[in-house]
Each structure stands twice: as structure tokens, then as C-alpha cells.
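# Observations on chain architecture
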Number of protein chains: 2
Amino acid sequence: MPFPAKTSGARETERVSRFELTPVGSVESPLTDPDSAPKQGDEGAPEAWLVFERAVLSALDGIAEGDEVIVLTWLDRAHRDVLRVHPRGDTSRTAQGVFSTRSPHRPNPIGLHRVQVVAIEGERVRVRNLEALDGTPILDVKPVLSGEVEER
Amino acid sequence: MPFPAKTSGARETERVSRFELTPVGSVESPLTDPDSAPKQGDEGAPEAWLVFERAVLSALDGIAEGDEVIVLTWLDRAHRDVLRVHPRGDTSRTAQGVFSTRSPHRPNPIGLHRVQVVAIEGERVRVRNLEALDGTPILDVKPVLSGEVEER
């Protein structure tokens, strides 16, 4: 039943209460220490490899060197019970809701990284400006759309 | 063990083979038909409500009317076994890997939507330009970073 009819609110909530993610690859990076890693890709993040599972190799078809893409990761070292944080870990700043920050700590710790592809070698894709730690699982890759990269 | 040490490749893969998502809310939208819904938010998508679970209300603190935010959703009507698609469903175009398209059909069907907040009423947040279907589960909300919205 791929397109189920809309049911009542209560039943709907029950039906969709959990979803399961399967990593499609993982990050190979010189970054191993969460405390010293840059907080954003444009803050001195190094080049890194995205190493994909061979089973999803055909999903990469169409990605080329020079492309800017969005990588979604699973921030497996994050704390999922955190709803408020001090921005950038600076306790002199007022705590705010995690949905208004890029803190890794949040109910569903999905990382969003905009990177540039610099090389493709089979299931290994080298990218610039990735702040994810070594071993971070990869969930998805998407192209950047023009409407998202222009000021509007 | 929130910060486990890096183990060998094989054990690492075994350890992280599945992750579980818990929705933090759902979309209330006039869009109910997958076939007639716009494919992107800037292609005539209507206003919609993001309705959050009361348990995560404090995570919204810091989001204000006028903000541009990124909403991550779970595209629960997608097919997860698809690795190649015809762009925009147009079979006259050559099939390409899903990671180079925004097709909802992909191994981990996470939707990425850039929207503008137009009203906040408690746990209900009204946004402009959301192409997600009515009932779509919400996973996360993040602020747009300046480095991501400028051409570079």
C-alpha cells in the first residue's frame, strides 16, 4: 500500500510513529575529534571522501566533478534528548531552541552539508568543505537547486 | 556510550546498520494528491501549517515570523528501492541516479524544503512555499546559513 488514504489523526500518528534509516555509505575524514572539528563547512573544514555502499553505486550516476551537492548524514555522536542549546556552545549566549540552531544535538540528528565534488573514483567521491567526523554515516545526497542558493 | 571510539571497518558497519527516526510533527496542507502537487516549493506550492508535537515545543524557541528555514520531512509515500529515475518523471529524458535528482524515491526518502515562516501560533507554524503533502511527517527544522544562500 504505497499511497495509503489519509486516516484519522490518532490512527495516522500510530501508523507513522517510527521510521528506519539505512546508511548508504560513510565519511572518511581527517576529522576525528568532535571538540576541535569546525562547526560549519566554510570554517576551515578539510577535504574528505564519501565512501558509498556498492549496492547504491548507480544512484550516483549524473554527479560530476565540480558539482555542488547537499549531503545528509546521521550525526551518530549527538544527544537526541536536547531541545535547547547555547548557540555554538557559548554559555555567555542565551539558550535557544535547537530548531533555530545548527547544533548536532536535536531529536533527529540529521546533518546537512553543502559541499563541492572534487573527484569521483567509483564508489568514492571526494568533496571539499565537509565538517562531518570520520566514520559519520551518509543518508542521502541531493543536488543544490538554483532557488536555494540565490538570495531572495 | 555517546562518543564511542572508532572501531574496525567491519565492526563499525555492523554497529551502525540501522537508525530510528521519530517524527516531531506533521504537515497540514491543502495538497493531498501526489500526482498534481508541485515538485518544488517555488513552483506554485501553497501555504501550509507545520504542526509540532507539544513535547518539542521548546525546540522552536528563537524562530520568528519572516525567517527562512529548512524543513526536513519523511516522504512516507516514496519508494525506497529506486536508484535511477527519469528527471521530473519525464520518460523522454535519460534516467539518472537519484542522488543527482530531487526525486522523492531514494533509499532514505528525506525531503528538504526551504520555506518562509509567516505565522507562529504555539506549536503551529505557518509557512510559505511548502510542496509536501498533507500528513507528511516532520523530522527537523534548521536555520538557513548565509553561506548556503549566496552564490559562490
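All figures in this text were calculated on a predicted structure; none of them were measured in a lab.

Before going further, it helps to spend a moment on the overall build of chain A. On a plain count of helices and strands, chain A comes out with 2 helices and 9 strands. Secondary structure elements of chain A occur, N-terminal to C-terminal, as α-β-β-β-β-β-β-β-β-β-α. The burial tally for chain A puts 50% of its 152 residues in the buried class. For chain A, the accessible surface area stands at approximately 7200 Å², while carbon and sulfur atoms represent 48% of it.

Next up on the list: the sheet that holds strand β9 (residues 137-143) of chain A. Residue and element names in this part refer to chain A. Read around the closed barrel, 6 strands run β2-β3-β8-β7-β4-β9, paired in antiparallel fashion. The sheet shows a mean angle of 45 degrees between the axes of neighbouring strands, taken without regard to direction. Here strand β7 (residues 110-121) runs beside strand β8 (residues 124-128); their pairing, made up of 5 bridges, is antiparallel. Residue pairing for β8: isoleucine 120 is matched across the bridge by valine 125.

The next point concerns the relation of the copies chain B and chain A. The relation between the two copies of this chain is a rotation about an axis and a shift parallel to it. It takes a turn of 180 degrees to lay chain B on chain A, together with a shift of 0.0 Å along the axis; the resulting RMSD is 0.0 Å. Viewed as a symmetry operation, the transformation between the two copies matches a two-fold axis. Here 100% of the interface residues in chain B have copies in chain A that are interface residues too; the copies meet face to matching face.

The subject of this paragraph is the pattern of salt bridges. Inspection of every chain in the model, using the stated rule, returns 20 salt bridges over all chains. Put simply, arginine 106 of chain B and aspartate 140 of chain A hold a salt bridge, and the shortest N to O gap is 2.9 Å. A residue pair is termed interchain when its members come from two chains, as with arginine 106 of chain B in the loop between β6 (96-97) and β7 (110-121) and aspartate 140 of chain A in strand β9. Among the ionic contacts, a cluster of salt bridges with common partners joins Glu47, Arg126 and Arg128 of chain A.

All names here are of chain B. Along the chain, threonine 73 falls in strand β4 (residues 68-74). Its relative accessible area of 0% is what places threonine 73 among the buried residues. Leaving out residues up to four positions away in the same chain, threonine 73 has contacts with Pro109, Ile110, Gly111, His113, Thr136, Pro137, Ile138 and Leu139.

It is worth spelling out the interface of chain B and chain A at this point. Taken together, the contact between chain B and chain A spans 67 residues of the former and 67 residues of the latter. Summing the contributions of chain B and of chain A, the shared interface buries around 6400 Å²; its carbon and sulfur component is 56%. Joining chain B to chain A, the criterion identifies 6 salt bridges. On inspection of chain B and its partner chain A, the count reaches 28 residue pairs in polar contact (both at pLDDT 80 or more). Counting residues per element, the ones that place at least two in the side of chain B that touches chain A are α1 (9-15), β1 (19-21), β4, β6, β7, β9 (137-143) and α2 (146-149) of chain B. With 6 residues, the single largest contributor to the side of chain B that touches chain A is β9 of chain B. Its residues assigned to classes, the side of chain B that touches chain A comprises 32 nonpolar, 13 polar and 22 charged. In this sheet, β1 of chain B lies alongside strand β1 (residues 19-21) of chain A in antiparallel orientation, the contact comprising 3 bridges.

For the rest of this paragraph, the subject is the environment of proline 143 of chain A. Checked against the element boundaries, proline 143 of chain A lands in strand β9. What makes proline 143 of chain A buried here is its relative accessible area of 17%. Note: C-alpha distance between proline 143 of chain A and glycine 62 of chain A (81 residues apart in sequence) is 10.0 Å. Not counting residues within four places of it along the chain, the set of residues in contact with proline 143 of chain A comprises Glu68 and Ile70 of chain A together with Phe99, Ser100, Thr101 and Arg102 of chain B.

Take the pairing of β9 of chain B next. All names here are of chain B. The element β9 is largely enclosed, with a buried count of 7 among its 7 residues. Both β4 and β9 contribute to a ladder of 5 bridges, which runs antiparallel. For valine 69, the partnering residue across the bridge sits in β9 and is proline 143.

In this section: the packing of aromatic side chains. Scanning all chains against the criterion turns up 4 aromatic pairs over all chains. Aromatic pair phenylalanine 19 of chain A and tryptophan 74 of chain B: ring centres 5.1 Å apart, planes at 15 degrees, arrangement stacked. With phenylalanine 19 of chain A in strand β1 and tryptophan 74 of chain B in strand β4, this residue pair bridges two chains. Both residues of the pair, phenylalanine 19 of chain A and tryptophan 74 of chain B, belong to the buried class. Directly above the ring of tryptophan 49 of chain A sits arginine 124 of chain A, whose terminal nitrogen or CZ lies 4.7 Å from the centroid.

About the criteria used
Residues numbered from 1 in each chain as written. Chains lettered and ligands numbered in written order. Predicted model: local features only at pLDDT ≥ 70, side-chain atom pairs only at ≥ 80, totals over all residues. Heavy atoms only, no water. Helix = DSSP H or I, 4+ residues; strand = E, 2+ residues; numbered from the N terminus. Buried < 20%, exposed > 50% of the residue type's maximum accessible area, 1.4 Å probe, protein only. Areas by Shrake-Rupley, 256 points an atom, 1.4 Å probe, with all protein chains shown as cover. Pairing = 2+ DSSP bridges. Axes fitted to C-alpha atoms, helices over the stretch in contact; angles between N-to-C directions. Least-squares fit on C-alpha atoms with pLDDT ≥ 70 in both. Contact = heavy atoms within 4.5 Å. Salt bridge = Lys/Arg side-chain N within 4 Å of Asp/Glu carboxyl O. Buried area = accessible area lost by both parts, 1.4 Å probe. Polar contact = N/O pair within 3.5 Å; in protein donor to acceptor, adjacent residues only side chain to side chain. Nonpolar A, V, L, I, M, F, W, Y, C, P; charged D, E, K, R; others polar. Phe/Tyr/Trp six-rings, centres within 6.5 Å; stacked < 30°, edge-to-face > 60°. Lys NZ or Arg CZ within 6 Å of the ring centre and 35° of its normal.

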